[in-house]
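# A closer look at the structure
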Amino acid sequence: MEDDDLQRPYSVCTRDDLKERITKQIDVISEIFCVSNSDATVLLMKLRWNSQLLSERLSQENKKLLTESGLKPVDVTDSNQDLSDSSCDEFYEFFDDVDDDDRDDVVKVSTPFCSHKFSTAYWSKYLEKNFFSVEKTVDTISCPHEDCGASVGRDTIEKLTVNDKNSYDEYVLRSYLEKSKRQIKQCPAQGCSYFIEFHKGTDAEEYGLNVVCLCGHTFCCRCSLETHRPVTCNNASDWLSRDLQKLSEASDKSLSFFWIEDNTEPCPHCLSPLEIGLGSLDSKFVPCGYCSGSFCWECMHSEESHKTESGTYGDCLEPVEQDPLWNVEVVDTSCLDRWEACEVSLVEARSELQAFKESDNTSEEYIRIVRDGLMLIVQCRQFLKWTCVYEHIHLEYEASKKEFLRFLQDYANTLVERYAETLKEDTKALSAAQLVCNVPAVTSSIGNYFYNFSKALKDGLDAVKVKHYDDFAPCWLCDRCSSANTWLHKACQMCCESPVVEAK
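In short, a report on the structure. All figures in this text were calculated on a predicted structure; none of them were measured in a lab.

Okay, the packing of helix α2 (residues 15-33) against helix α3 (residues 37-46) next. At a minimum axis distance of 9 Å, the contact between α2 and α3 shows a crossing angle of 110 degrees. Comparing the axis directions of α2 and α3 gives the class roughly perpendicular. Considering the relative orientation of α2 and α3, their crossing is right-handed. Mapping the contact onto sequence places Q25, I26, D27, I29 and S30 in α2 and N37, A40, T41 and L44 in α3.

Secondary-structure assignment places S272 in the loop between β8 (264-266) and β9 (273-275). Taking the relative accessible area as the measure of exposure, S272 reaches 15% and is therefore buried. Residues S272 and Y290, 18 residues apart in the sequence, show an inter-C-alpha distance of 7.1 Å.

The next subject is helix α8 (residues 162-179). Over its 18 residues, α8 runs 26 Å from end to end, which matches the ideal 26 Å to within 8%, given 1.5 Å per residue. All of the buried residues in α8 are D164, S167, Y168, Y171, V172, L173, S175, Y176 and L177. Buried residues along α8 sit against α2, α3, α6 (120-132), α7 (154-157), β4 (184-186) and β5 (195-198).

Here β5 shows no split at all, with F195 and E197 on one side and I196 and F198 on the other all buried. In terms of strand pairing, strand β1 (residues 10-13) meets β5 through four bridges, oriented antiparallel. Residue pairing in the sheet places Y10 in a bridge with F198 of β5. As paired strands, β4 and β5 are joined by three bridges and run antiparallel to one another. Bridged to I184 within β5 is E197.

Attention now goes to the packing of aromatic side chains. For the coordinates displayed, the defined rule picks out 17 aromatic pairs. On the basis of an interplanar angle of 80 degrees and a centroid distance of 5.8 Å, the ring pair of F383 and F450 is categorised as edge-to-face. A residue pair is termed long-range when its members are at least 10 positions apart, and F383 in helix α11 (residues 364-394) and F450 in helix α13 (residues 432-458) qualify at 67 residues. Residue F383 shares its accessibility class with F450, and that shared class is buried. Taken together, the ring pairs connect F118, Y122, W123, Y126, F131, F132 and Y171 into an aromatic cluster. It is K179 that lies over the ring of Y176; its NZ or CZ is 4.7 Å from the centre. The residue whose ring lies beneath K385 is W339, and the NZ or CZ to ring-centre distance is 4.7 Å.

Right, let's talk about the nonpolar core for a bit. Y10, I196, V211, F450, F453 and L461 are the most contacted members of the largest nonpolar core, which has 60 residues in total. Looking at this core, the elements with two or more residues in it are β1, β5, β6 (210-212), α9 (233-263), α10 (334-355), α11, α12 (399-429) and α13. Sort the elements by how many residues they give to this core and α11 lands first, with 16 residues. Other than its neighbours up to four places away in sequence, V211 contacts Y10, I196, F198, H217, T218, F219, C221 and T227.

What follows covers the sheet that holds β5. Strands pair in a sheet through their backbones, by hydrogen bonds, and they do so in one of two ways: parallel or antiparallel. One open sheet accounts for three strands, arranged β1-β5-β4; its pairing is antiparallel. Two strands in the sheet have a free side with no partner beyond their single neighbour: β1 and β4. Neighbouring strand axes in the sheet, compared pairwise and without regard to direction, differ in orientation by 25 degrees on average. Of the strands in this sheet, β1, β4 and β5 are in contact with α2, which crosses β1 at around 95 degrees.

Right, let's talk about the pattern of salt bridges for a bit. Per the counting criterion, the structure on display carries 19 salt bridges. A salt bridge links R15 to E170, with the nearest nitrogen and oxygen atoms 2.8 Å apart. Of this pair, R15 sits in helix α2 while E170 sits in helix α8, and the two are 155 residues apart along the sequence. Each of R15, K19 and E170 takes part in one network of salt bridges that share partners.

Further remarks concern unusual backbone geometry. In this chain, R229 is followed by P230 through a cis amide linkage whose omega measures 20 degrees. Summarising the element assignment, P230 is placed in the loop between β7 (218-220) and α9. Of note, the phi angle at R48 is positive, near 55 degrees, even though the residue is not glycine. Along the chain, R48 falls in the loop between α3 and α4 (51-60). Its identity as a non-glycine residue notwithstanding, S224 has a phi of 65 degrees, on the positive side. Mapped onto the fold, S224 is located in the loop between β7 and α9.

Another aspect to go through is the environment of K165. Note on placement: K165 falls in helix α8. Its relative accessible area of 25% is what places K165 among the partly exposed residues. Considered as a pair, K165 and R154 are 11 residues apart in the sequence and their alpha carbons are 8.1 Å apart. Leaving out residues up to four positions away in the same chain, K165 has contacts with I157, E158 and L160. In this structure the side chain of K165 is engaged in a polar contact, spanning 3.5 Å, whose partner is the backbone oxygen of E158.

Here is what the cut-offs are and how they apply
- Residues numbered from 1 in each chain as written.
- Predicted model: local features only at pLDDT ≥ 70, side-chain atom pairs only at ≥ 80, totals over all residues.
- Heavy atoms only, no water.
- Axes fitted to C-alpha atoms, helices over the stretch in contact; angles between N-to-C directions.
- Helix = DSSP H or I, 4+ residues; strand = E, 2+ residues; numbered from the N terminus.
- Parallel < 35°, antiparallel > 145°, perpendicular 65-115°, else oblique.
- Left-handed = near helix turned anticlockwise from the far one by under 90°.
- Contact = heavy atoms within 4.5 Å.
- Buried < 20%, exposed > 50% of the residue type's maximum accessible area, 1.4 Å probe, protein only.
- Expected span 1.5 Å × (residues − 1).
- Pairing = 2+ DSSP bridges.
- Phe/Tyr/Trp six-rings, centres within 6.5 Å; stacked < 30°, edge-to-face > 60°.
- Lys NZ or Arg CZ within 6 Å of the ring centre and 35° of its normal.
- Core = buried A, V, L, I, M, F, W, Y, C linked by side-chain atoms within 4.5 Å.
- Salt bridge = Lys/Arg side-chain N within 4 Å of Asp/Glu carboxyl O.
- Polar contact = N/O pair within 3.5 Å; in protein donor to acceptor, adjacent residues only side chain to side chain.

In structure tokens:
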């Protein structure tokens, strides 16, 4: 576990880390109570990996526990009986296609505690059907014979195929994870094999605990959605399942309305929208495609209204101004546009993180700094994306706060872009030693700004009172000359006075 993990309320584990932990737990029980690793695995699975409870029961009621767990020899009436013939089909109907049991050259396997022998093909079908492919794990895997309670452990699995061995290892890991499901979760990112272990006492607040996986994916430990600060889990769920689709539909509808308004005119007879430019060169009168009524395209009056008493056509009348019947409420979809733009930037940031390759010629410190910088960019992009949802939910009727939020968003976006460019240029131009000295300070400044940004949103942007931004700004004021400086600068750019910033 790294030092950073000790400071966080969680740590990132690999599948091998968990398997190594399981092996150590099995070895301890095996060594103390003089049981085989196979039997220790069966016992730990039965007692849900509670080593303390298992130790107490092995000390107080050893024989009883071993008998209950199927780790004692099972009495068989005829020990020479071969149960691998067709009579086994009555136990499990799905083995009708397994006929290798009738052959004498087929290797037959039984558990160490009974003499019920079955072919390896039979075992594979049995284990896959009843255990390996079942979503929920059971405490004990028993012998295929319907009346036999002998347990199936690693010593039996070792006699089977390589695929069965791998499946059993995964089954044991699933059993361990099922017991620890509140403490250990797999990263929800597609294709990610990392696990997140939450330390004892970790409490996810209303906004959820932001988890950063080594794959670059950040998610909420409370709802398993991607990190959605500064909005709550319920807000994020409502946005993804309902509001986002509604805004998309409203946007499409608004675009259609604007096109109709700019490119059509209503028929004077039925008020149906007709595309501009339908008039022919021979006549200025055109028929409506909906009601067949004829009208003048220039003044939008009916053809009859142009006829004089002599039967000829007179000049056009005053143009008709009619309100269309297809009134559509225009919805403000600017937050949706910002959401989509932020999503594009987030995808690019994740791609750059995944494309980062560690070199054997660079130090671990160098690799850590660059990776932390790329991961910070991903987190900032994700935060900016969800500030669009914050605007949609909380600032619909607060114009001043909405304007202020967009000012903060634009400024934050500029900072992140500048930081990304700086990180890219420094990794190419500077040596490893120079990079270690320069980049962490800038990284800390970016984090400091987003900390204040997040805090301001959590407080409801209370700094906005009469449409001014003096109480909160993306900068600090020098105590000496009162000049404003961005959080990227640690010294005042006017008088080079170091800021006195309260430690966060």
